[in-house]
Amino acid sequence: SETNTAKLKETADQRRFITYILPNRKAMLTRNVNDSDVTFAIGSDFGTADIEHIKSKVGEAWEFMTLDNKKIKTITDAYADRIAENLNSYGKDITINVVGNHMGDLAKLGWKQEQLNELMYKVLQKLNKRVSIGKIIVEGDSGIGLAVAKAAIRTETPVEVVSDSKGTIRVANNWSKL
């Protein structure tokens, strides 16, 4: 439903669905890190194999937002200011690689995809007022990736939804194309 408005049809060039010909999922995750200025991890478990791999590649260019079983509907202005201050230290028109937990991990805490979609929309609305975002790179799978990709479309933030040639994205991304 996020792609049905006239405004989004006009700005369809601001989003791309990319499948890289890469040997495996880790190579895709590494490429997303290398193609960004900073990685923003959102979730409940930063010890998954994917997140551990990303942390090993990121160095200091890293920001976190932790979710737990309290189904927050937005973030405070003070929290948005703190995140923005850190993100702004990377310059203007930054490329943010957003990573996070999949729906299976977050469902254990009671989250539903629709709740994540709305939370990420509100977070991105607040960050767009405070941070010079040139583009977001996201895997676009279930959970955080899907929610951030949808939020980027709704807020007209340029976004690249990236997959590898093995098709490790588990959720159809029909919303990323018209």
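The next thing to look at is the confidence of the model for the protein chain. Mean pLDDT over the protein chain works out to 82, with 80% of the residues at or above the 70 mark. Looking across the protein chain, the model is least confident in helix α1 (residues 6–10), with a mean pLDDT of 46, and most confident in strand β4 (residues 94–100), with 94. Scored below 50 in pLDDT, residues 1–12 makes 17 contacts in the model with residues more than four places away or belonging to other chains.

So, about the packing of aromatic side chains. Enumeration according to the criterion identifies 2 aromatic pairs in this entry. Between F46 and F64 the ring centres are 4.9 Å apart and the planes differ by 75°, which places this aromatic pair in the edge-to-face class. Within this pair, whereas F46 is found in the loop between β2 (38–43) and α3 (49–58), its partner F64 is found in strand β3 (residues 62–66), the two being separated by 18 residues in sequence. A residue is classified by how much of its surface remains accessible, and F64, at 32% relative accessible area, is partly exposed.

On to the layout of surface pockets, then. Within this model, the largest pocket holds a volume of roughly 190 Å³. Residue lining of the largest pocket: 21 residues in total, with R25, D50, G100, H102 and E139 positioned closest to the centre. Listing elements by their share of the lining of the largest pocket, those giving two or more residues are α2 (25–34), α3 and β4. Per-class residue counts for the lining of the largest pocket are 7 nonpolar, 9 polar and 5 charged.

To continue, consider the pattern of salt bridges. A complete count under the given rule lists 10 salt bridges for this structure. The residue R31 makes a salt bridge to D35 at a minimum N-O spacing of 3.5 Å. With relative accessibility at 35%, the residue D35 sits in the partly exposed group. For K135, the salt bridge is made with E160, and the minimal N-O distance between the two is 3.1 Å. Within this pair, whereas K135 is found in strand β5 (residues 133–138), its partner E160 is found in strand β6 (residues 159–164), the two being separated by 25 residues in sequence. Assessed through its relative accessible area of 24%, K135 is described here as partly exposed. The network of salt bridges with shared partners includes D77, D81, K126 and R130.

What follows concerns the packing of helix α6 (residues 113–128) against helix α7 (residues 144–154). Viewed as axis vectors pointing N to C, α6 and α7 meet at an angle of 50°, and their least axial separation amounts to 8 Å. With respect to their mutual orientation, α6 and α7 come out oblique. The way α6 lies across α7 gives a crossing that is right-handed. Contacts from Q113, L116, N117, E118, M120, Y121 and L124 of α6 reach α7 at I144, L146, A147, V148, K150, A151, A152 and R154. Of the residues that constitute the contact of α6 with α7, the class distribution is 10 nonpolar, 2 polar and 3 charged.

A few words now on the nonpolar core. Grouped together as the largest cluster of nonpolar side chains are 36 residues, with contacts concentrated most on I42, M65, L67, M120 and I136. Apart from residues lying up to four places away in sequence, L67 is in contact with I42, G43, S44, I72, L106, L109, W111, L116, L119 and I144.

The final tally for this structure, using the stated rule, is 2 cavities of 30 Å³ or more. Of the voids in this model, the largest cavity is the one considered here, and its volume is about 100 Å³. The wall of the largest cavity is formed by F40, I42, I96, V98, M120, V123, L124, L127, I133, I136 and V148. At the level of secondary structure, the elements contributing two or more residues to the lining of the largest cavity comprise β2, β4, α6 and β5. Its residues assigned to classes, the lining of the largest cavity shows 11 nonpolar, no polar and no charged.

Cut-offs and rules
Residues numbered from 1 in each chain as written. Predicted model: local features only at pLDDT ≥ 70, side-chain atom pairs only at ≥ 80, totals over all residues. Heavy atoms only, no water. pLDDT = per-residue confidence, 0-100. Helix = DSSP H or I, 4+ residues; strand = E, 2+ residues; numbered from the N terminus. Contact = heavy atoms within 4.5 Å. Phe/Tyr/Trp six-rings, centres within 6.5 Å; stacked < 30°, edge-to-face > 60°. Buried < 20%, exposed > 50% of the residue type's maximum accessible area, 1.4 Å probe, protein only. 1 Å grid on protein atoms, 1.4 Å probe; cavity = no way out; pocket = protein on both sides within 12 Å on 5 of 7 lines; lining within 4 Å. Points joined across faces, edges and corners; volume = space filled by probe spheres on them. Nonpolar A, V, L, I, M, F, W, Y, C, P; charged D, E, K, R; others polar. Salt bridge = Lys/Arg side-chain N within 4 Å of Asp/Glu carboxyl O. Axes fitted to C-alpha atoms, helices over the stretch in contact; angles between N-to-C directions. Parallel < 35°, antiparallel > 145°, perpendicular 65-115°, else oblique. Left-handed = near helix turned anticlockwise from the far one by under 90°. Core = buried A, V, L, I, M, F, W, Y, C linked by side-chain atoms within 4.5 Å.

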